[in-house]
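Below, each chain spelled out in residue letters.
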Amino acid sequence: MILTAWLLAFLGVATIAMSNQASSRIVTGLAAPTTRRRRSTLWGSAALLLSFAVTIAGDGPGLGLLLGPLLIASATAAVIVLLTISPRYLRPIARLLDR
């Protein structure tokens, strides 16, 4: 359950990052259109909430409320590292948002 929650958090943070003009330009070479920015913010927020819900459902409310933000923070760090070192690994997420 923790891996599922972390992957959902990673997907959520990465899609929210694609709504940023600078991050989108780094990954795809083009600025994000307005429709994609809105859609990626919506889907990213939904994925983060789902990640938080999976963590609480899997580990209970006590540990889930502690572990959820930690998973989101570590997923955020992973996206930042990927944007810095090799943004090409985030291109499939950008292509997924264009559909």
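Preceding this paragraph is the structure being described.
Within each chain, residue numbers correspond to sequence positions counted from 1 in written order. With pLDDT at 70 or above as the cut-off, local features in this predicted model cover only qualifying residues; side-chain atom pairs require 80 or more to be listed or tallied, and sums for whole chains, interfaces and linings still use all residues. The side-chain values count all of the structure's non-hydrogen atoms but skip hydrogen atoms and water molecules.

Remarks on the overall build of the chain
Point 1. The numbering of helices and of strands both runs from the N terminus, where a helix is a DSSP run of H or I of at least 4 residues and a strand a run of E of at least 2. Looking only at helices and strands, one finds four helices and zero strands in the chain.
Point 2. By the compact-globule yardstick of 13 Å for 99 residues, the chain fits well, its C-alpha radius of gyration being 14 Å.
Point 3. The buried share among the 99 residues of the chain stands at 36%.
Point 4. Should any heavy atoms of two residues lie within 4.5 Å, those residues are considered in contact. A separation threshold of at least 6 residues defines the contact pool for the chain, and within that pool the share at least 24 residues apart is 68%.
Point 5. Values of accessible area rely on a 1.4 Å probe in the Shrake-Rupley scheme; residue burial ignores everything except the protein chains shown. Surface exposure of the chain reaches about 5700 Å², of which carbon and sulfur atoms provide 72%. Note that the radius of gyration is over C-alpha atoms, with the globule rule given as 2.2 Å times the number of residues to the power 0.38. Only protein chains enter the accessibility calculation, which uses a 1.4 Å probe. A residue is then buried if its area is under 20% of the maximum for its type, exposed if over 50%, and partly exposed in between.

A short note on the nonpolar core
Point 1. Core analysis: the biggest nonpolar cluster contains 15 residues, and Phe 10, Met 18, Val 27, Val 79, Leu 83 and Leu 90 have the highest contact counts within it.
Point 2. Listing elements by their share of this core, those giving two or more residues are α1 (2-17), α3 (34-85) and α4 (91-98).
Point 3. With five residues, α1 is the largest single contributor of residues to this core.
Point 4. For Leu 90, the residues in contact, after removing those within four places along its chain, are Phe 10, Ala 14, Met 18, Val 27, Val 79, Leu 82 and Leu 83.
Point 5. To define a nonpolar core, start from buried Ala, Val, Leu, Ile, Met, Phe, Trp, Tyr and Cys residues and group those joined through side-chain atoms within 4.5 Å. Membership of the second largest hydrophobic core comes to five residues, among which are Ala 5, Leu 8, Leu 67 and Leu 71.

Some words on helix α2 (residues 21-28)
Point 1. Every buried residue of α2 is accounted for by Ser 23, Ser 24 and Val 27. Axial view of α2: buried residues confined to an arc of 100°, hence all on one face.
Point 2. Phi for Gly 29, located one or two positions after α2, is positive at around 90°. The arc in question is formed by the directions pointing from the helix axis toward the C-beta atoms.

Quick word on the side chain of Thr 55
Point 1. Secondary-structure assignment places Thr 55 in helix α3.
Point 2. With residues up to four places along the chain from it excluded, the contact list for Thr 55 reads Ala 5, Gly 60, Gly 64, Leu 67, Gly 68 and Leu 71.

Comments concerning the environment of Leu 48
Point 1. Assignment of secondary structure puts Leu 48 in helix α3.
Point 2. When the C-alpha atoms of Leu 48 and Thr 34 are compared, they prove to be 21 Å apart, with 14 residues separating the residues in sequence.

What to know about α1
Point 1. For a helix, the expected span equals 1.5 Å multiplied by the residue count minus one. In this model, α1 (16 residues) spans 22 Å end to end at C-alpha, consistent with the 22 Å of a helix rising 1.5 Å per residue.
Point 2. Regarding α1, the residues found buried are Ala 5, Leu 8, Ala 9, Phe 10, Gly 12, Val 13, Ala 14, Thr 15 and Ala 17.
Point 3. Turning to α1, the residues buried within the fold contact α2, α3 and α4.

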